[in-house]
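Spelled out from the first residue to the last, the chains are:
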Amino acid sequence: MSLLLETNLGDIVIDLDIQGSPLLCKNILKLTKSRYYTGTLVHTVVEGRYCQLGDPRGDGLGGCSIFGLIDSVKNKIDDVRKCPKRFIKSIGRKLTQEEMKEKGRVVVVEMGGLKDTIGSQFMITVDSGEDRALHGTGREYLSIGRVMEDDDDVLGQLNTLYCDKSGRPYADVRITSAHILDDPYEDPPELQLVLDERNIVLMDENDLPEKHSDCARWLSSSSPLLEKPKEESVEIRINVIDAKADVDQETEKKRAAELAKKEERSNAVMLEMLGDLPSADMKPPENVLFVCKLNPLTDDEDLTLIFSRFDSNAKAEIIRDQETGDSLQYAFVEFDTEAACNEAYFKMNNALIDDRRIKVDFSQSVAKEWNRYAQRKRSGTSHVHNQKRVHSATENSKNYNRDSNNIYGRRSTYSPAIRSNHMRRRNDEERIKSNEKTRNYSIEHHHHHRSNRSHNERKHRDDVEEYSRGRRQSRDRRNGSGTRNDTSPKSSKSRRRRDRSSSSDDRSSRRHTFSSRKRQRSHHRYHH
């Protein structure tokens, strides 16, 4: 015994628990036969737990049983809430704790939680798990069935709806129609009054095959299509189909924007890691245009004059080869305002300059910001160095400020590539100066050493001569001062001894002088 509920979110099939709750299932089937649920709202959704439906009023306070509906039609009662047979007794199978954790369980609703107050409303769980669905609520629920087919994931869609404080979705979800797939119960007496009142015509048995002739008891050949029940008392909200289409478009746009933003951020971080950007958060200037496909003969003055129609202070710089000075056929144009930059972009793209069709786009170069960042970094670390490096950083800052007009080209004087060449050239000059100082010092030291050595030689030679002269004078003095003429063998022997000693002294002096000169020559040879 089953029901088919068609909603504007999709279709679900409910298998009724006729064995455990026969009275409750009969009430649901006969209300469905009377088209009582057609056009009714899903008026309450509790995320992660259940959705509540079956109230024609749409506020959770209406609805009645099939017996109350028959009584209201028979006795002409306009408000079924005043009908004495509005509710039926709470007789049926109670859900177990495990069943309360399951998704798709269908249970009846007791008004205000009071016993024997069951009307037309029922609940369907939209989630499963511990402390989900009906688990943990501290109440008992009577089962009337279970959702067996949900190909459109209606329950999942209901669980994700945006709701107000009372739990009503901001977009209306309605039961467009409800159909009986099998009904084993006999109709209550006087049910035909309700069918006639609602213009419901059942099918004839002769219109169906013999094996399906029993289905004529609940199948209708015609019934009214209602957008909403006449008892509905709540305001109408946007249809969930329209809201879903708008949300899908907006969600797709947001998703595309988020993906583009993430990709841009990832690329910026990669460039920062590679050293091409000082910071991933750095943005290119919005008042600079990139111009390409220029004629090689076009110069800076011509380009500045052309773009000055948009901004009198526009500055154009054609990027040139560092060695040859030839134009690389692209340039950067800077404006004072973004409005002038935007106007130039729309009017100068595909313009004809010197027989060339140029292309204009917004600049993505961050060379200017990179130079500022590098200069700020050098200035920040220069305080820890000596005074000479502080002076060098100041001079570099002055040079940068002096040449700040050349701000966009890769071949700029203070671009990273050219700066490294300048640093190498400066290091080479300092190394040459250092070598010259070392060579001058070596020459001065050599001359000083030679002068000291000559002085020592002269002093030593003078000392030897003075010593020899003193020896000769003392010998002459001794020889000339004698009173007697020593002719004795002893005298002769002693005189020969003195002569021998003086000659040996002369030989030792000459030997000493020769050894000193030899050492000097070897010393000179070693140093030269």
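Quick note: structure is the one above.
Sequence order as written defines the numbering, with residues in each chain counted from 1. It should be noted that, the model being predicted, local features are given only for residues of pLDDT at least 70 and side-chain atom pairs only at 80 or more, the latter also being counted only at that level, while totals for whole chains, interfaces and linings use all residues. Hydrogens are left out, water is left out, and the side-chain values use all remaining heavy atoms of the structure.

### Section: the pattern of salt bridges
Throughout this description, the term salt bridge denotes a Lys or Arg side-chain nitrogen within 4 Å of a carboxyl oxygen of Asp or Glu. A full pass over the atoms with the stated rule returns 22 salt bridges. A salt bridge links Asp-187 to Lys-30; the shortest N-O distance between them is 2.6 Å. One end of the pair, Asp-187, is in the loop between strand S9 (175-180) and helix H5 (191-197); the other, Lys-30, is in helix H1 (residues 22-33), with 157 residues separating them in the sequence. Overall, the relative accessible area of 34% leaves Asp-187 in the partly exposed class. The closest approach of N and O atoms between Glu-99 and Arg-93, which form a salt bridge, is 3.1 Å. Working definition: with a 1.4 Å probe on protein chains only, accessible area under 20% of the residue-type maximum means buried, over 50% means exposed, and in between means partly exposed. With a relative accessible area of 28%, Arg-93 lands in the partly exposed category. Three or more residues joined by partner-sharing salt bridges are found here, namely Asp-17, Arg-93, Glu-99, Glu-102, Arg-105 and Arg-146. Each helix is a run of DSSP H or I of at least 4 residues and each strand a run of E of at least 2, with the numbering of both proceeding from the N terminus.

### Remarks on the sheet that holds strand S6 (residues 118-125)
Across the sheet, 8 strands lie side by side as S3-S4-S6-S5-S7-S2-S1-S9; this open sheet has antiparallel pairing. The sheet terminates laterally at strand S3 (41-46) and S9, the two strands that pair on one side only. Within the sheet, the average angular offset between the axes of one strand and its neighbour, ignoring direction, is 30°. Should any heavy atoms of two residues lie within 4.5 Å, those residues are counted as being in contact. Angular values range over 0 to 180 degrees, each being the angle between N-to-C directions of two axes fitted as lines to C-alpha atoms, with helices fitted over their stretch in contact. Docked against the sheet, H1 engages strand S1 (2-7), strand S2 (10-16), strand S5 (105-110), S6, strand S7 (143-149) and S9, running at close to 100° with respect to S6. Only strands joined by at least two bridges in the DSSP assignment are considered to pair.

### Here we look at the sheet that holds strand S13 (residues 288-292)
Reading across the sheet, the 4 strands line up as S14-S15-S13-S18 and stay open at both edges, with antiparallel pairing between neighbours. Because the sheet does not close on itself, it has two edges, and the strands there are strand S14 (315-320) and strand S18 (359-362). Neighbour-to-neighbour, the strand axes of the sheet open up by a mean angle of 25°, direction not taken into account. Two strands pair when backbone bridges link them, and S14 and strand S15 (residues 327-334) are joined in this way by 5 bridges, in the antiparallel orientation. By the bridge assignment for S15, Arg-320 is matched with Ser-327. Lying over the sheet, helix H7 (residues 300-307) contacts S13, S14 and S15, oriented at roughly 145° with respect to S14.

### What about the nonpolar core?
Put simply, a nonpolar core is a bunch of buried Ala, Val, Leu, Ile, Met, Phe, Trp, Tyr and Cys residues held in one set by side-chain atoms that sit within 4.5 Å of each other. If you look at the biggest cluster of nonpolar residues, it comprises 51 residues, and the most contacted ones within it are Ile-14, Cys-51, Phe-122, Ile-124 and Leu-158. Of all the elements, H1 adds the most residues to this core, at 5 residues. In this structure, Leu-294, Ile-318, Val-333 and Cys-341 belong to the second largest nonpolar core, which totals 20 residues.

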